[in-house]
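Single-letter residue listing:
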Number of protein chains: 2
Amino acid sequence: MRWRSVGEVNCSVARTLAVIGERWTMLILREAFLGRRRFDDFQRNIGIARNILATRLRALVKDGILERSRADGEHARVEYRLTKKGMELYPVLVAMLKWGDAWLWPAGGKGPPLKLMHRGCGAKAMPALVCPNCGDPVGARDMIALARGAARPAQSTERAAHRPASR
Amino acid sequence: MRWRSVGEVNCSVARTLAVIGERWTMLILREAFLGRRRFDDFQRNIGIARNILATRLRALVKDGILERSRADGEHARVEYRLTKKGMELYPVLVAMLKWGDAWLWPAGGKGPPLKLMHRGCGAKAMPALVCPNCGDPVGARDMIALARGAARPAQSTERAAHRPASR
DNA sequence: CGCGAATAGTTGCAAACTACAACTTGAGCT
DNA sequence: AGCTCAAGTTGTAGTTTGCAACTATTCGCG
């Protein structure tokens with residue numbers, strides 16, 4: 001398969017990657033979530049080449065993640081802002097941020113540069129993933145994937161069909 | 001900046017992307033979380049070219065996400081399994097899955113192929129992101145990013161330094 | 001032992017993508 | 001008109017990806 005057709009695969013992860021999986025795209029979204037809206041701000045803060053940025057922004061607009069508007073008044077100022085669809089990518093970004101904070105800062109070093117604070121209660125803490133039903137935190141081993149229709153987990157095919165007689 | 005040095009940037013998102021941000025990598029992890037462990041299983045299920053898969057697997061092992069072991073007994077069977085560090089990438093995958101489920105399946109179509117079930121309580125539902133302190137669900141607008149040290153949000157620089165006299 | 005099948009890769013090459021820097025376009029200011 | 005700024009586009013060189021065929025190692029079996 002070519003990467004080009006990864007968006008047509010019958011899997012939400014693959015389709016999501018077709019939208020946000022290109023190099024640089026998540027960094028553009030990071031900036032967008034921090035409130036950045038202008039071409040040159042993105043370009044300077046990320047350090048991305050201008051043509052690549054232009055291409056990515058165009059794709060994100062086409063996919064409905066960002067909205068492009070010509071804010072008239074000052075020069076040719078163009079703004080890119082997150083749509084609702086884009087806003088809802090926040091959990092993806094936070095999950096990356098949290099994992100990076102936990103695993104990618106060597107003990108001797110300075111530690112990650114950002115902390116998150118919950119507006120509602122004032123807690124300075126990373127959001128956690130929980131079961132919406134019982135409220136317990138969930139990790140990889142707490143969830144089972146069920147294929148549509150099937151009543152059983154969509155688990156490993158593991159040595160199924162071939163080698164029918166030999167064991 | 002080259003993509004090569006994105007891992008040295010002072011940002012957990014950028015560093016995380018240096019590890020899992022290459023094309024195909026998250027699809028390899030999807031398979032790993034579904035219980036797949038073997039080279040050919042990854043290759044067939046994802047549809048990735050073999051050389052690319054080999055390169056990605058090597059990188060994931062080097063980064064401590066997967067562990068390579070030569071399970072002796074059958075042929076030259078090699079296994080790749082998630083480490084603890086790798087397991088903790090689950091929230092990233094789930095966030096993508098959830099967003100894809102919500103936004104990438106046209107109304108007329110068949111809908112996403114996987115559902116998740118919580119082992120603990122049996123609920124069939126996607127995990128949600130909540131504040132660990134108060135338990136409220138959080139979205140992009142509910143959190144504020146604070147730069148280390150600084151007491152104020154790490155928000156947009158927006159027309160700050162230059163243009164000092166003209167307004 | 002020697003053979004064929006299974007598994008896990010590697011290699012060579014063409015096509016596609018990325019990066020850099022310089023250039024273009026269009027709007028507003030004076 | 002001429003200057004500046006923001007937002008791209010273009011040309012070109014370098015890097016990465018994808019395909020298909022090839023190699024290497026192990027196992028089971030006669």
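Residues numbered from 1 in each chain as written. Chains lettered and ligands numbered in written order. Predicted model: local features only at pLDDT ≥ 70, side-chain atom pairs only at ≥ 80, totals over all residues.

*Asks:* Please clarify how the overall build of chain A should be interpreted in this entry.
*Replies:* Counting its secondary structure elements, chain A contains six helices and five strands. Mapped in sequence order, the helices and strands of chain A form the string α-α-α-α-β-β-α-α-β-β-β. Residues counted as buried form 32% of the 167 residues belonging to chain A. Long-range pairs, those at least 24 residues apart, make up 31% of the contacts in chain A with a sequence separation of at least 6. (Helix = DSSP H or I, 4+ residues; strand = E, 2+ residues; numbered from the N terminus. Buried ≥ 20, exposed ≤ 12 C-beta atoms within 10 Å, placed from the backbone. Contact = placed C-beta atoms within 7 Å.)

*Asks:* Just checking my understanding: could you explain the protein's contact with DNA strand C for this structure?
*Replies:* Of all residues adjacent to DNA strand C, which total 24 residues, the nearest are Ala49(A), Trp3(B), Phe39(B), Asn51(B) and Ala54(B). Contributing elements (two or more residues each) for the surface near DNA strand C: helix 4 (50–62) of chain A together with helix 3 (39–46) and helix 4 (50–62) of chain B. Looking at side-chain class alone, the surface near DNA strand C contains nine nonpolar, five polar and ten charged residues. (Near = placed C-beta within 6 Å. Nonpolar A, V, L, I, M, F, W, Y, C, P; charged D, E, K, R; others polar.)

*Asks:* I tried to follow the interface of chain A and chain B on my own but got confused; where do I start?
*Replies:* Accessible area lost upon the coming together of the parts is a frequently used measure of interface size. Opposite the 75 residues of chain A that make contact, chain B presents 75 residues. Mapped onto the side of chain A that touches chain B, the elements with two or more residues apiece are helix 1 (12–20), helix 2 (25–33), helix 5 (84–87), helix 6 (90–103), strand 3 (114–118), strand 4 (128–130) and strand 5 (143–147) of chain A. Looking at the side of chain A that touches chain B residue by residue, the class counts come to 47 nonpolar, 15 polar and 13 charged. For strand 5 of chain A and strand 3 (residues 114–118) of chain B, the ladder comprises five bridges, and the chain directions are antiparallel. Opposite Ala145(A), over in strand 3 of chain B, you have Leu116(B) as the bridge partner. (Pairing = 2+ DSSP bridges.)

*Asks:* Explain the relation of the copies chain A and chain B here, please?
*Replies:* Each of the two chain copies can be brought onto the other by rotation about an axis and movement along it. With an axial shift of 0.0 Å and an RMSD of 0.0 Å, the rotation relating chain A to chain B amounts to 180 degrees. Such a combination of rotation and displacement between the chain copies is what one expects of a two-fold axis. When each C-alpha of chain A is compared by its distance to the rotation axis, Leu129(A) comes out closest, at 2.3 Å. Comparing contact sets, 100% of the residues at the interface of chain A also lie at the interface in chain B, consistent with an isologous, same-surface contact. (Least-squares fit on C-alpha atoms with pLDDT ≥ 70 in both.)

*Asks:* Before we go on, may I ask you to explain the protein's contact with DNA strand D in this structure?
*Replies:* Neighbouring DNA strand D are 25 residues; Trp3(A), Phe39(A), Asn51(A), Val78(A) and Ala49(B) lie closest to it. Of all the elements in the fold, those that place two or more residues in the surface near DNA strand D are helix 3 (39–46) and helix 4 of chain A together with helix 4 of chain B. Of the residues belonging to the surface near DNA strand D, the class tally is nine nonpolar, five polar and eleven charged.

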